Amino acid sequence: MLIDVDILENEIIEQYPNVLDILLRDNTTEKNIIWATSNYEENGILYNSDCHILLELITGDNGNIILPRVQKNKLQQQVRSKEMAEVFTPSWVCNAQLNLIDNAWFGRDDVFNTELYSSEKDNTWQPNPEQIVFPKGKTWKGYVRDVRLEVSCGEAPYITSRYDTTTGLFIPIEYRIGMLDRKLRVINENAHTKSEWLKAAQTAYKSIYGFEWQGDSLLLAREALLITFIENYMHKFGEEPLLKTIQFIAYIISWNIWQMDGLKGVVPNSCNKKANIIHELFGDYQATPVCEGCVADKILKHNGTYCLIMDWTRKDLESNSPGRKIRFIDLLKKQGK
């Protein structure tokens, strides 16, 4: 079982066959996610920003290529902050902000924990030791189903807090404060059989979404969600879940935590700017396509590849199986954006 802050890709391959392949999948392009960062180009042409993150590039002798931000050197952190506005929030700040959401949902304060502030040391929190009590008209299953989204999620500290992204300190299950962590706590308190627990956990994962531009951060986020599932199952039942169960959770994660340019709703760098050769009677000439969305800053007018996500509450129109693919921007249309 993987309990380190840095989840090693070699260990995922060894312990959980085919899972890393699933976590590298981009379900929009039906290829692997791309690097979408120039930080790795010194390792060779296959590490260029627009190249796909292939299994062999991050495993074997390359198993330590991708590291959490807290383990990157200071220069790399500064470059990523400058170029991509990459900033990671301390866990106590994530907790305070997420508490505001739950305060509104439950209609009372200090549901999952009590925030502790100190002028002499880092701020922290104390978990509520009692089982979570739900208000009249609301249930634990309703809380698990409630849909949450982390935008520009990075390594997903608002979704699961396996470690503090600013200090690198591992956080025990009982002290975790992410949106998914809270759902899993509620499930651990109320679901007592394996079948009931797994059904509720799958619902929790299907209700949590997040998108990220940079491929390395996206993979780290997906890995964190996967290991969080395994850790909670072991915490509850004292053994690891079946491989097929882990693979299905990885499949859900590959849909719900996806790679996207959040300002455009498309796969990063996919808007077409390459010159096309036009063949006419009096000769050939180059025509450079113009992306109306990029020029006019209109999110519904891009010529790039709009990202697909899964609506798990509806069935596929052709196969009638659970889950319907939709474009993320179509959700914005419904909101009148």
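In what follows, the accompanying structure is described. (Residues numbered from 1 in each chain as written. Predicted model: local features only at pLDDT ≥ 70, side-chain atom pairs only at ≥ 80, totals over all residues. Heavy atoms only, no water.)

## Looking at the overall build of the protein
Secondary structure summary: the protein contains eleven helices and eleven strands in total. Put simply, the protein has 337 residues, and 48% of those count as buried. Intrachain contacts of the protein at a sequence separation of at least 6 include 65% that bridge at least 24 residues. Accessible surface, the protein: about 17100 Å² in total, of which carbon and sulfur atoms supply 52%. (Helix = DSSP H or I, 4+ residues; strand = E, 2+ residues; numbered from the N terminus. Buried < 20%, exposed > 50% of the residue type's maximum accessible area, 1.4 Å probe, protein only. Contact = heavy atoms within 4.5 Å. Areas by Shrake-Rupley, 256 points an atom, 1.4 Å probe, with all protein chains shown as cover.)

## So, unusual backbone geometry
Glycine aside, negative phi is the norm for most residues, and most peptide bonds take the trans geometry. Here Asp297, not a glycine, exhibits a phi torsion of approximately 55 degrees, which is positive. Since its relative accessible area comes to 67%, Asp297 is described here as exposed. Even without a glycine there, the phi angle at Asn320 is positive, about 65 degrees. Turning to its location among the elements, Asn320 is positioned in the loop between strand 10 (308-315) and strand 11 (322-327).

## Some thoughts on empty space enclosed by the protein
Counted by the stated rule, this structure contains two cavities of 30 Å³ or more. As a volume, the largest cavity reaches approximately 40 Å³. Together, Arg25, Asp26, Asn27, Thr28, Arg222, Ser254, Trp258, Gln259 and Leu308 line the largest cavity. Considering only residue class, the lining of the largest cavity consists of two nonpolar, four polar and three charged. Its boundaries defined by the atoms lining it, the second largest cavity holds a volume of some 30 Å³. What lines the second largest cavity is Glu155, Thr160, Ser161, Arg162, Tyr163, Thr165 and Ala224. Residues belonging to the lining of the second largest cavity are distributed by class as follows: two nonpolar, three polar and two charged. (1 Å grid on protein atoms, 1.4 Å probe; cavity = no way out; pocket = protein on both sides within 12 Å on 5 of 7 lines; lining within 4 Å. Points joined across faces, edges and corners; volume = space filled by probe spheres on them. Nonpolar A, V, L, I, M, F, W, Y, C, P; charged D, E, K, R; others polar.)

## Topic: the pattern of salt bridges
This model, assessed by the stated rule, comprises nine salt bridges. Residue Arg148 is joined to Asp102 by a salt bridge in which the shortest nitrogen-to-oxygen separation is 4.0 Å. Highlighted residues: Arg148 in strand 5 (residues 148-150) and Asp102 in helix 4 (residues 91-106), separated in sequence by 46 residues. Exposure class is identical for Arg148 and Asp102. Each is buried. Measuring nitrogen to oxygen at the nearest pair gives 2.9 Å for the salt bridge that ties Arg162 to Glu231. Of this pair, Arg162 sits in the loop between strand 5 and helix 6 (179-190) while Glu231 sits in helix 8 (residues 215-237), and the two are 69 residues apart along the sequence. The same class applies to Arg162 as to Glu231, namely buried. Within the structure, one salt-bridge network assembled from shared partners comprises Asp102, Asp146, Arg148 and Arg182. (Salt bridge = Lys/Arg side-chain N within 4 Å of Asp/Glu carboxyl O.)

## Comments concerning the packing of helix 8 against helix 9 (residues 243-256)
Running from amino to carboxyl end, helix 8 crosses helix 9 at an angle of 145 degrees, the nearest separation of the two axes being 10 Å. Remark: the crossing between helix 8 and helix 9 carries right-handed chirality. Contacts between helix 8 and helix 9 pair Arg222, Leu225, Leu226, Phe229 and Ile230 from the former with Thr245, Ile246, Ile249, Ala250, Ile253 and Ser254 from the latter. Residue composition of the contact of helix 8 with helix 9, grouped by class: eight nonpolar, two polar and one charged. (Axes fitted to C-alpha atoms, helices over the stretch in contact; angles between N-to-C directions. Left-handed = near helix turned anticlockwise from the far one by under 90°.)

## Brief notes about the side chain of Asn190
Relative to the assigned elements, Asn190 resides in helix 6. Within the local environment of Asn190, its side chain forms a polar contact with the backbone oxygen of Val186, the two atoms lying 2.7 Å apart. In contact with Asn190, not counting residues within four places along its chain, are Gln131, Trp140 and Glu196. (Polar contact = N/O pair within 3.5 Å; in protein donor to acceptor, adjacent residues only side chain to side chain.)

## Comments concerning the packing of aromatic side chains
A complete count under the given rule lists 23 aromatic pairs for this structure. Centroid distance Phe229 to Tyr233: 6.5 Å. Interplanar angle 35 degrees. Geometry classified as tilted. Taken together, the positions of Phe229 and Tyr233, both in helix 8 and four residues apart, correspond to about one turn of that helix. Side by side, Phe229 and Tyr233 carry an identical accessibility label, which is buried. Looking at Lys138, its charged tip hangs above the ring of Trp105, at a distance of 4.3 Å from the centre. Between the NZ or CZ atom of Lys183 and the centre of the ring of Tyr143, over which it lies, the distance is 5.7 Å. (Phe/Tyr/Trp six-rings, centres within 6.5 Å; stacked < 30°, edge-to-face > 60°. Lys NZ or Arg CZ within 6 Å of the ring centre and 35° of its normal.)

## Examining the sheet that holds strand 5
Read across the sheet, three strands follow the order 5-6-7 without closing on themselves; strand pairing throughout is parallel. At either margin of the open sheet sits one strand with a lone partner, and together these are strand 5 and strand 7 (257-259). Averaged over neighbouring strand pairs, the angle between their axes works out to 20 degrees when direction is ignored. Contacts between helix 6 and the sheet are confined to strand 5 and strand 6 (208-212), with strand 5 contributing the most and set at about 150 degrees to the helix. Lying over the sheet, helix 8 contacts strand 6 and strand 7, oriented at roughly 170 degrees with respect to strand 7. (Pairing = 2+ DSSP bridges.)

## Some words on helix 7 (residues 194-206)
The terminal C-alpha atoms of helix 7 lie 18 Å apart, and with 13 residues this matches the ideal 18 Å at 1.5 Å per residue to within 8%. Listed as buried for helix 7 are Trp197, Leu198, Ala200, Ala201, Ala204 and Tyr205. For helix 7, the secondary structure elements touched by its buried residues are helix 5 (140-145), helix 6, strand 6, helix 8 and helix 9. (Expected span 1.5 Å × (residues − 1).)

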